[in-house]
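Spelled out, the chains give:
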Amino acid sequence: MRRFASSTILVPLLLASVLTTPSFVASQNPRRGRPAPTAAPDTTPPGSKVLNVDEYGRWKRIASTGLSNDGNWMTYAYNPNDGDDTLFVKALDTDKLYTIPLGSSPSFSDDSRWVGYYVSEPAGNGRGARGGPSTTPPPGPPGRGGRGGTAAGPRHFELLELATGDKWSAPNAREFKFSQGSKYVAVHMNKQSRQDTTHDGTDLLIRQLNGGVTRNIGNVSQYDFDDAGDMLAYTVDAVDNLGNGIYLLDLGSGATRTLDAAADEFDGLAWSDEGTDLAVLRGTKAEGKRQRSNVLLAWTDLSATAGRETLYDPSKASDFPEGYVLSEYATPQWGRDGSRVFVGIKQQEDELPRIGNDQANVDIWHWKDADVQSVQIVRLQQELRATLSSVVLVPSGKFVQLADSAMTNVQLARDGTWGVGRNDTTYRGEVAWGGTHADYYRVNTTTGERSLIAGKLMRTQGISPDSKWFLYQKDGHLFAYNAAAGKSTQVDGGMDFVNTDDDHDYEKPIWGFGGWSKDGRSALVYDKYDVWQLPLTGSGKPLDLTKGVGAAQQIQFRVVRLDLPGRGGRGGFRGRFGGGPSTEDNGVDLTKPLTLSAYGEWTKKSGYWGLTVGQEPKPLIYEDKRVDGVSKAEDADRVIFTEQTFQEFPDFWVTNTSFASPKKVTDANPFIIDYKWGSKAPLIDYTNSNGQHLQATLTLPAGYEPGKKYPMIVYFYEIMSNTQHQFSMPSFDDRPQMSTYASNGYLVLQPDVVYEIGKPGTSAVDCVTSAVQKVIDMGYADPAHIGLQGHSWGGYQSSYILTQTNMFAAIVTGAPPTDLISFYDETYPGSGTLQQGITEVGQVRMGDNVTPWNHTQLYEDQSAIFNVTKITTPFMILHGTADNAVDWHQGLELYGAARRNGKKVILLSYPGEPHHLSKKPNQIDFQI
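It should be emphasised that the depicted structure is a prediction, and the values quoted were computed from it without experimental measurement. (Residues numbered from 1 in each chain as written. Predicted model: local features only at pLDDT ≥ 70, side-chain atom pairs only at ≥ 80, totals over all residues. Heavy atoms only, no water.)

## Re the overall build of the protein
Reasoning step 1: When you go through the protein residue by residue, the secondary structure sums to 13 helices and 53 strands.
Reasoning step 2: Out of the 928 residues belonging to the protein, those deemed buried represent 56%.
Reasoning step 3: For the protein, long-range pairs separated by at least 24 residues make up 56% of all intrachain contacts whose partners lie at least 6 apart in sequence.
Reasoning step 4: Of the roughly 39100 Å² of accessible surface on the protein, a fraction of 49% belongs to carbon and sulfur atoms. (Helix = DSSP H or I, 4+ residues; strand = E, 2+ residues; numbered from the N terminus. Buried < 20%, exposed > 50% of the residue type's maximum accessible area, 1.4 Å probe, protein only. Contact = heavy atoms within 4.5 Å. Areas by Shrake-Rupley, 256 points an atom, 1.4 Å probe, with all protein chains shown as cover.)

## Remarks on the packing of helix α7 (residues 760–777) against helix α8 (residues 793–802)
Reasoning step 1: One can describe the packing of α7 onto α8 by two numbers: an axis separation of 9 Å at closest approach and a directional angle of 80 degrees. Our classification of the angle between α7 and α8 gives roughly perpendicular. Along its contact with α7, which presents P760, G761, T762, A764, V765 and V768, the element α8 presents W793, Y796, Q797, Y800 and I801.
Reasoning step 2: Residues belonging to the contact of α7 with α8 are distributed by class as follows: eight nonpolar, three polar and no charged. (Axes fitted to C-alpha atoms, helices over the stretch in contact; angles between N-to-C directions. Parallel < 35°, antiparallel > 145°, perpendicular 65-115°, else oblique. Nonpolar A, V, L, I, M, F, W, Y, C, P; charged D, E, K, R; others polar.)

## Here we look at unusual backbone geometry
Reasoning step 1: Positive phi values are uncommon outside glycine, yet D475 reaches one of about 55 degrees.
Reasoning step 2: Along the chain, the position of D475 falls in the loop between β30 (469–474) and β31 (477–482).
Reasoning step 3: Residue D475 is classed as exposed on the basis of its relative accessible area, which comes to 66%.
Reasoning step 4: Phi angles above zero are rare outside glycine, and N849 is one such case at about 65 degrees.
Reasoning step 5: Checked against the element boundaries, N849 lands in the loop between α10 (836–840) and α11 (856–861).
Reasoning step 6: Taking the relative accessible area as the measure of exposure, N849 reaches 52% and is therefore exposed.

## Points about the pairing of strand β24 (residues 398–401)
Reasoning step 1: As defined by bridge partners, strand β23 (residues 388–393) adjoins β24 across four bridges and the pair is classed as antiparallel. Bridge pairing in β24 places V392 opposite F399.
Reasoning step 2: Between β23 and β24, which pair antiparallel one after the other, the connecting turn spans four residues, and G397 there sits at a positive phi close to 75 degrees. (Pairing = 2+ DSSP bridges.)

## Looking at the pattern of salt bridges
Reasoning step 1: What the rule picks out here adds up to 35 salt bridges.
Reasoning step 2: With its nearest N and O atoms 3.7 Å apart, the salt bridge here joins D651 to K664. You can see D651 sitting in the loop between β42 (639–644) and β43 (652–655) and its partner K664 sitting in strand β44 (residues 663–664), a full 13 residues away along the chain.
Reasoning step 3: Members of the salt-bridge network, linked through shared partners, are E265, D267, R292 and E328. (Salt bridge = Lys/Arg side-chain N within 4 Å of Asp/Glu carboxyl O.)

## Some remarks on the sheet that holds β44
Reasoning step 1: Reading across from one edge, β41-β42-β43-β44 is the order of the four strands in this open sheet, with antiparallel pairing throughout. In this open sheet, the two edge strands, each paired with only one partner strand, are β41 (626–632) and β44.
Reasoning step 2: In the sheet, β41 pairs with β42 via five bridges, with the strands oriented antiparallel. Opposite R626, over in β42, you have Q644 as the bridge partner.

## Some points on the pairing of strand β22 (residues 340–347)
Reasoning step 1: Taken across its eight residues, β22 has seven buried, putting it largely inside the fold.
Reasoning step 2: Bridging between strand β20 (residues 324–326) and β22 involves three bridges; their strand directions are antiparallel. Across the sheet, Y324 pairs through a bridge with Q347, a residue of β22.
Reasoning step 3: Where strand β21 (residues 333–334) meets β22, two bridges bridge the pair, whose relative direction is antiparallel. By the bridge assignment for β22, W334 is matched with V341.
Reasoning step 4: Linking β21 back to β22 in an antiparallel pair, the connection comprises five residues, with G338 at a positive phi of about 75 degrees.
Reasoning step 5: Examined bridge by bridge, β22 and β23 share six bridges and lie antiparallel to one another. Looking at the pairing, V343 lines up with S390 of β23.

## Brief notes about the side chain of K60
Reasoning step 1: Structurally, K60 is set in strand β1 (residues 60–67).
Reasoning step 2: Buried K60, no salt bridge; nearest opposite-charge side chain is D667, N-O distance 8.8 Å.
Reasoning step 3: In this structure the side chain of K60 is engaged in a polar contact, spanning 3.2 Å, whose partner is the backbone oxygen of A668.
Reasoning step 4: When neighbours within four sequence positions are excluded, K60 is seen to be in contact with Y78, N79, P80, F649, A668, N669, F671 and M729. (Lys, Arg positive; Asp, Glu negative; His and termini not counted. Polar contact = N/O pair within 3.5 Å; in protein donor to acceptor, adjacent residues only side chain to side chain.)

## Some thoughts on the sheet that holds strand β14 (residues 245–250)
Reasoning step 1: Within the open sheet, the seven strands sit side by side as β9-β10-β11-β12-β13-β14-β15. Their pairing is antiparallel. The open sheet terminates on both sides in strands that have one partner only, identified here as β9 (173–178) and β15 (256–261). Pairs of neighbouring strands in the sheet enclose a mean axial angle of 40 degrees, with direction left out of account.
Reasoning step 2: In terms of strand pairing, strand β13 (residues 231–236) meets β14 through six bridges, oriented antiparallel. Bridging across to β14, A233 finds its partner in L248.

Taken by themselves, the reported measurements are silent on function.
Written out as structure tokens, the structure is:
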């Protein structure tokens, strides 16, 4: 039934009992997937236009927001559902506004005088659907002194002088970054021909910001400014390796110094955090080998005339493990004091022969494998680049291996003298979800010595910025490990900070971690509502910093780190050798006022409060809206934030850290006033059969008349009442658009669902039908015209509800697990993992060690497939054949079983589509 004509006829017939509003059906083009043509200019009066899918293209999201360091300028982009993006650079204290069509990835210089960005070629047919592949390049890695971006496709770089509006551009740009101190910008170019694989180097332009002098350096493969912005290090990779080497450019004098040159490949260029030490890998790949054999070159104190050079050659070192190489897959990282360079090693292997047509090609699934074959396949590319962290001690040239096949991950303390190693060999293969157990060890980076911190841990909070402490959770309590003393101490004073609201059958996490105090004496953690200070020595009692105000008013307070630069910076060891504290996070200064986010559990009010330690917190901005997204200028008392409701788009506002007299900056969708728009009813309070207090958010149709009963759509997942103040952005998607239904005369109900272990489907039926019945009893909904939709986990629940009640006139279920017995042993295509963990202790919540073999009847009871004969409601299934989360056959099973039993069912199967539809024509088709 691939022909659109046939599908078009059947779907409205199936849903006729629900879709009773004429404007909804009449506005759709009979040719599915195409908006209805407009015959004449729109003369609809303001506030009277009905929202439908053919109107979605004009709606815009806001992206690329940022503040200049001085707080005087802001960048933002309008990204429409259809059409090209537009970048804006706005002066916040004057009317000056720069508009850059097709602009993206903006970055301010640190002196706030310049902004750089890319400008793309026109997309022709528009940028395509949201949620699908984007033509906007992702931000590139942050460089010394500024953000940049990595561009793909035909686009150029532009440099804008904010005061004058003068521009300078460079064609075919791949990446750019400003130097610290804003003296220079570097622009790295793409190759003229993508088919050229003879070398990696391309032109690098160095532009002097004051004076406008531009220098071109050819065949550059990697580059970076030093911390002071006075020197530029770069590597050359040219045709036939002619001129390959590492070079140092004195930006002031223009003099270039050759640090090393050879007919080898240079990789992993890395300055130290202080910017005076430099490291690089140099090597070649021998014929028949898979890995490049590298040496480490390191220079210390390059601010001096010559600096001191260290060469570490593994082939000549007796302490380097046999059969391994220094790998370019791990960029070297300097320790804080310049005495260590952390590197990655990898086992050398022979190149694998190509498999011919006359040779067997087989994947072996072995019961002893720690990871099943599907996981190994998914992780293949990651494993091919995986390395074991090690260290070279620069003064002595000594090599120390830190990680091995058992302890593959070592999280380094910021000072680099020790780290925390994670060994999960004992627990590999365990059925888990959201984290696995491991034994944790202190690793000495000078000797490689290991000492056990604690065994069988699942949840840890990392290493303190001062490199003294490691915080972890065990048996429901918090412990701090003192690295110097080699001792752990319980620091929670016997209090319970575990999130007891979490209804999964696993080791529950604490409510949250707020960071470390700047003085190194305490850690900040959360209970459900308040912020607590825990002395790390364990010698004092936990201190409630928010004075119980959170618990008394049922407001969840959390620490907001406005002191951390929004652009992130280099990040120390984070993301390189197993994570670590950011070099820009020195801890929370408790001697200064703090900013807290605030969320009313039952009111859904939100905003920001101020806290001076020793006093009760006070509201700065706390409204019956969703207020969030705060970001601060690095060197000024200026912040931006958003506020939204169902009727108010989340535009950006500017204010100071006291949130005094906020001023609106953006206005992305001013035409909202043209449309009929719904509103929110007061929160619906209800209880399930267990007496648990739950809430639901109810959207009222445009022009709602009290006392009139309306048709209603129900959409749900787990907790949904927190969407009370969420703006319903029209978008091409496979989920119902609340704004569209409200505009067309429907109620939309989004209820909360909580779960009893072993009864996920039963719990969903209980919570959802209780909410629906409450809305019926309150006189809102017409009980004969209520529809239900759920997707993914919501699809499991909607499929099960389908078999248990006739409350709904029609049901749509998307990407649904429908047979828990077959689902249990399928793979999660995206990761390759078996669905056993998510079924037992994860989202499905059947229970730890509750399997289809020891609880067969329970699995059948909680599966839609085994209850299919009870179905009385017509329903539709949505499933993409390339679903990377729930196997397509789960939807097919339900279709087949329902069809065999004579039920009214339609399966919309979208070839090649993933878990959520990604192609815009298919998204439009499903919306219709």
